[in-house]
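If you want the building blocks of each chain, they are given just below.
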Amino acid sequence: MEHHRSKFWVAFVALSVFVTQYVLAEPELSYPSVDASLGEYLHSDEQHHALAIGDIVEKDIRDRYAESIIQRDAHPKAHGCPVAQFKVLDDIPEHLQAGVFQPGAVYDTVVRFSNGSPNAKQADAKGDTRGMAIKLSGVVGAKLVDIDSQADHQDFLLISHPVFFVNDAEDYAEFFEITASGQWWRWLKLPFVLGVRGSYNAYQMLRKKIDNPLATRYWSVVPYQLGEGKLKQLVKYSAKPCQPLTANDGVSTEQDDYLRAAMTSTLESASACMSFMVQEIPRGDYSVEDVVSRWPEDKSPFNVVAELHFKPQVFDSDDQLERCEAMAFNPWHGLEAHRPLGAVNRIRKVVYDRIRRIRQSSY
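Residues numbered from 1 in each chain as written. Predicted model: local features only at pLDDT ≥ 70, side-chain atom pairs only at ≥ 80, totals over all residues. Heavy atoms only, no water.

Trainee: Hey, could you go over the confidence of the model for the chain for me, with residue numbers and the actual values?
Mentor: Per-residue confidence for the chain averages 88 on the pLDDT scale, and 90% of its residues sit at or above 70. Counting interchain partners and residues more than four positions distant, the pLDDT-below-50 stretch residues 1-26 has seven contacts. (pLDDT = per-residue confidence, 0-100. Contact = heavy atoms within 4.5 Å.)

Following this line, the structure appears as structure tokens:
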């Protein structure tokens with residue numbers, strides 16, 4: 001009897017492991033297809049390079065946070081997640097009325113401001129790329145990436161520089177291999193991997209210094225689809241203060257966390273506003289696969305489609321900052337009408353999903 005009971009429990013445990021790993025486990029996301037009508041094309045061995053980047057990023061953050069809660073691979077230092085209302089203008093042009101951009105629509109929103117450096121303890125005074133991640137709530141409709149806990153959310157991700165430093169999937173993978181190697185002499189190859197323009201962009205991105213996250217301009221850098229079917233078009237996004245804002249309200253920039261202090265000072269007793277803008281570009285004028293080149297604003301200006309209104313608030317208590325850190329943002333978590341385009345965005349889908357799974361297991 002004991003022998004049969006033992007065999008039963010072995011079989012039960014084996015079945016449980018199988019169900020957990022292969023039946024109940026969240027399936028891997030499929031690699032994005034390309035839309036040739038919008039100028040997209042797959043790079044050589046692109047999916048292979050995307051998976052390789054995912055492997056490098058996963059190993060790096062597992063090693064880095066082996067003894068603590070796993071944080072983001074980039075932008076781990078948040079200045080805070082103040083709440084806002086995303087108000088679409090009443091007079092938005094008809095050809096821009098797609099997705100969440102419906103005249104008069106209002107969405108409760110959380111905005112995470114951050115530093116780009118993987119070093120979460122880096123002082124704010126050091127040059128860095130700054131991030132603005134926007135999460136709208138109450139957005140009805142199927143999302144490109146289905147996350148049950150965020151079924152009604154739409155995310156927009158922006159940084160404090162208008163262009164990126166690499167286009168090609170193979171070069172992007174090599175960049176990650178070099179920077180994760182821990183071998184300083186391999187970094188000497190980076191200018192050859194990134195090229196002149198990519199190297200210059202990287203240099204400019206890493207030297208950005210700002211006084212207040214709410215007084216800074218941000219760009220999506222990468223292109224997006226706006227609309228669906230025959231009406232879809234190519235756009236980029238940007239956000240900037242609605243009007244000039246006192247940069248740091250007397251906060252000393254010698255503090256390691258002065259950007260949080262500056263934003264706290266601003267929102268203690270006053271409201272703030274940021275314009276959310278869309279830049280259109282005719283198909284064929286610029287490649288959606290080229291994110292190291294800037295779409296000229298003199299020929300294709302940004303149009304304001306919405307405003308982010310921040311009421312006076314306290315957003316930096318320990319509990320609020322902990323919830324802020326636990327939030328996940330993903331450019332693919334949104335409507336088809338805001339579909340991300342280009343190789344960098346396709347690679348982000350793989351990498352962001354990998355990071356989300358790892359971080360979920362850590363909390």
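Trainee: Run through the packing of aromatic side chains, naming residues and quoting values.
Mentor: Evaluation of the coordinates by the stated rule reveals 18 aromatic pairs. Between Phe156 and Tyr237 the ring centres are 5.1 Å apart and the planes differ by 75°, which places this aromatic pair in the edge-to-face class. Taken together, the residues Phe156 in strand S5 (residues 154-159) and Tyr237 in strand S8 (residues 233-241) connect sequence positions 81 residues apart. Residue class for Phe156 comes out buried when judged on its relative accessible area of 3%. (Phe/Tyr/Trp six-rings, centres within 6.5 Å; stacked < 30°, edge-to-face > 60°. Helix = DSSP H or I, 4+ residues; strand = E, 2+ residues; numbered from the N terminus. Buried < 20%, exposed > 50% of the residue type's maximum accessible area, 1.4 Å probe, protein only.)

Trainee: Report on unusual backbone geometry, specifying residues and quantitative values.
Mentor: In this model, Asp45 sits at a positive phi of 55°, which is unusual for a non-glycine residue. Topologically, Asp45 is positioned in the loop between helix H1 (2-23) and helix H2 (46-64). Taking the relative accessible area as the measure of exposure, Asp45 reaches 53% and is therefore exposed. Residue Val221 is not a glycine yet carries a positive backbone phi of 70°. Along the polypeptide, Val221 turns up in the loop between strand S6 (218-219) and strand S7 (224-226).

Trainee: Provide a residue-level description of the pairing of strand S9 (residues 272-281), including the pertinent values.
Mentor: Regular strands place their side chains on alternate faces of the sheet. By the criterion of burial, S9 is predominantly enclosed, with nine of the ten residues buried. Here eight bridges tie S8 to S9, and the two strands are oriented antiparallel to one another. Looking at S9, one finds that Lys240 is bridged to Ser275. When S9 meets strand S10 (residues 302-310), the two strands line up antiparallel, connected through eight bridges. Bridging from a neighbouring strand, Met277 pairs with Val304 of S10. (Pairing = 2+ DSSP bridges.)

Trainee: Provide a residue-level description of the environment of Gly104, including the pertinent values.
Mentor: Along the chain, Gly104 turns up in the loop between strand S2 (83-88) and strand S3 (106-115). Not counting chain neighbours up to four residues away, the residues in contact with Gly104 comprise Val88, Leu89 and Asp90.

Trainee: Quick one: what's the story with the pattern of salt bridges, residue by residue and with numbers?
Mentor: In total, this model carries 20 salt bridges according to the counting rule given. The salt bridge partner of Glu46 is Arg346, with a shortest N-O separation of 2.6 Å. Of this pair, Glu46 sits in helix H2 while Arg346 sits in helix H7 (residues 343-362), and the two are 300 residues apart along the sequence. Taken as a pair, Glu46 and Arg346 share a single burial class, namely buried. In this structure, the salt-bridge partner of Asp60 is Arg64, at a minimum N-O distance of 2.2 Å. Here the residue Asp60 and the residue Arg64 both occupy positions in helix H2, the gap between them amounting to four residues, near one helical turn. Look at Arg64 and you get partly exposed, because its relative accessible area is 31%. Each of Glu40, Glu46, Glu289 and Arg346 takes part in salt bridges that share partners, so that together they form one network. (Salt bridge = Lys/Arg side-chain N within 4 Å of Asp/Glu carboxyl O.)

Trainee: Quick rundown of the pairing of S5? Include the residues and the values.
Mentor: Counting buried positions along S5 gives six out of six residues, so the element sits mostly inside the fold. With six bridges connecting them, strand S4 (residues 130-136) and S5 associate as antiparallel partners. Within the sheet, the bridge partner assigned to Leu136 lies in S5 and is Gln154.

Trainee: Provide a residue-level description of the state of the cysteines, including the pertinent values.
Mentor: Inspection of the entire model under this criterion finds two disulfides. Bridging Cys81 to Cys324, the disulfide has an S-S length of 2.1 Å. In this structure, the disulfide formed by Cys81 and Cys324 twists by about 60° around the S-S bond and is classed as right-handed. With Cys81 in the loop between strand S1 (77-80) and S2 and Cys324 in helix H6 (residues 318-326), the pair connects residues that are 243 residues apart, well separated along the chain. This pair shows no difference in class: Cys81 is buried, exactly as Cys324 is. Paired through a disulfide, Cys242 and Cys273 show a sulfur-sulfur distance of 1.9 Å. (Disulfide = S-S within 2.5 Å.)

Trainee: Please set out the packing of helix H3 (residues 169-180) against helix H4 (residues 190-205) residue by residue, giving values where relevant.
Mentor: Here H3 crosses H4 at 130°, and the two axes come no closer than 9 Å. With respect to H4, the axis of H3 lies oblique. In this structure, H3 meets H4 at a crossing whose hand is left-handed. The segment H3 lies against H4, with Asp171, Glu174, Phe175, Ile178 and Thr179 engaging Leu190, Val193 and Leu194. Residue classes in the contact of H3 with H4 are distributed as five nonpolar, one polar and two charged. (Axes fitted to C-alpha atoms, helices over the stretch in contact; angles between N-to-C directions. Parallel < 35°, antiparallel > 145°, perpendicular 65-115°, else oblique. Left-handed = near helix turned anticlockwise from the far one by under 90°. Nonpolar A, V, L, I, M, F, W, Y, C, P; charged D, E, K, R; others polar.)

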